[in-house]
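Residue strings, one per chain:
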Amino acid sequence: MSETETEAQENPHAKVVLEAARAMTKASLLITPPAVVVCIALFSVLFGLPGFLGSLVGGVLAMLASLSTLGLMKFSAGQDPMFVMVIALGGYVVKVVLLFGALTLLKGVTALHPLSLGITMIVAILLAAAAEFAAFRKTKIPTIIPS
């Protein structure tokens, strides 16, 4: 039994967060990789090797960004709910800065087709977000409604 699973048994909030994270990860991995493969194939045909490489790099960056958020959810599941929010927002800021830095470094690389990279990233991030949102909505989360 892992430390996260032990925390989930002791903390009811952790159980809910882990359940949501599992559902969101599963949904994201079901939708995003096939879309990235379609983008890679499309841009390979349209732009050759630079399109293939640009789309591949864009897909990998987008999937890593998406999965890092879900990893942070699993990591912080046993924490106080306010601390979970701090980790989520801090992780989001770090992720945006790292993506900006990566794209800035890749800007001058002529082997990558920039449009292929950008469109693949947009497609992957939007589909992952939509899949995660749909999975989150389907997850049964106990809610307290004050009267």
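The shown structure was predicted, so the numbers you read here are calculated from the model rather than taken from an experiment.

Engineer: Please clarify how the overall build of the protein should be interpreted in this entry.
Structural biologist: A count of helices and strands for the protein gives four helices and zero strands. Evaluated residue by residue, the protein yields a buried proportion of 31% over its 147 residues. Within the protein, counting contacts between residues at least 6 apart in sequence, those at least 24 apart form 79% of the total. Split by element, the accessible area of the protein, about 9,400 Å² in all, is 76% carbon and sulfur.

Engineer: Sorry if this is basic, but what is going on with the side chain of Ser-116 here?
Structural biologist: Mapping Ser-116 onto the fold places it in helix H4 (residues 114-138). Residues in contact with Ser-116, not counting those within four places in the same chain, are Phe-43, Phe-47, Gly-51, Gly-54 and Ser-55.

Engineer: Would you mind going over the packing of helix H2 (residues 12-76) against helix H3 (residues 81-106) with me for this structure?
Structural biologist: Two packed helices can be described by the angle between their axes and the distance between those axes. In contact at an axis separation of 13 Å, H2 and H3 are set at 15° when each is read in the N-to-C sense. In terms of orientation, H2 and H3 fall into the roughly parallel class. In this structure, H2 meets H3 at a crossing whose hand is right-handed. Where H2 approaches H3, its residues His-13, Val-57, Leu-61, Ala-65, Ser-68, Thr-69, Leu-72, Phe-75 and Ser-76 are matched on the opposing element by Pro-81, Val-84, Ile-87, Gly-91, Lys-95, Leu-99, Ala-102, Leu-103 and Leu-106. Partitioned by chemical class, the residues of the contact of H2 with H3 number 12 nonpolar, five polar and one charged.

Engineer: Please clarify how the side chain of Ser-66 should be interpreted in this entry.
Structural biologist: You can see Ser-66 is positioned in helix H2. Sequence-distant contacts of Ser-66, that is, excluding residues within four places in its chain, are made with Ser-28, Ala-128 and Glu-132.

Engineer: It is not clear to me how the nonpolar core should be interpreted in this structure. Could you clarify?
Structural biologist: Side chains of nonpolar character tend, in soluble globular proteins, to be buried together. In terms of nonpolar packing, the biggest core is built from 10 residues, these being Val-36, Ile-40, Leu-61, Ala-62, Ala-65, Leu-99, Leu-112, Leu-117, Met-121 and Ala-124. Elements with a minimum of two residues in this core: H2 and H4. If near-sequence neighbours (up to four positions away) are discounted, Ile-40 is found in contact with Phe-52, Ser-55 and Leu-56. Core analysis: the second largest hydrophobic core is formed by six residues, Ala-20, Ala-27, Leu-70 and Ala-131 among them.

What counts, and where the lines are drawn
Residues numbered from 1 in each chain as written. Predicted model: local features only at pLDDT ≥ 70, side-chain atom pairs only at ≥ 80, totals over all residues. Heavy atoms only, no water. Helix = DSSP H or I, 4+ residues; strand = E, 2+ residues; numbered from the N terminus. Buried < 20%, exposed > 50% of the residue type's maximum accessible area, 1.4 Å probe, protein only. Contact = heavy atoms within 4.5 Å. Areas by Shrake-Rupley, 256 points an atom, 1.4 Å probe, with all protein chains shown as cover. Axes fitted to C-alpha atoms, helices over the stretch in contact; angles between N-to-C directions. Parallel < 35°, antiparallel > 145°, perpendicular 65-115°, else oblique. Left-handed = near helix turned anticlockwise from the far one by under 90°. Nonpolar A, V, L, I, M, F, W, Y, C, P; charged D, E, K, R; others polar. Core = buried A, V, L, I, M, F, W, Y, C linked by side-chain atoms within 4.5 Å.

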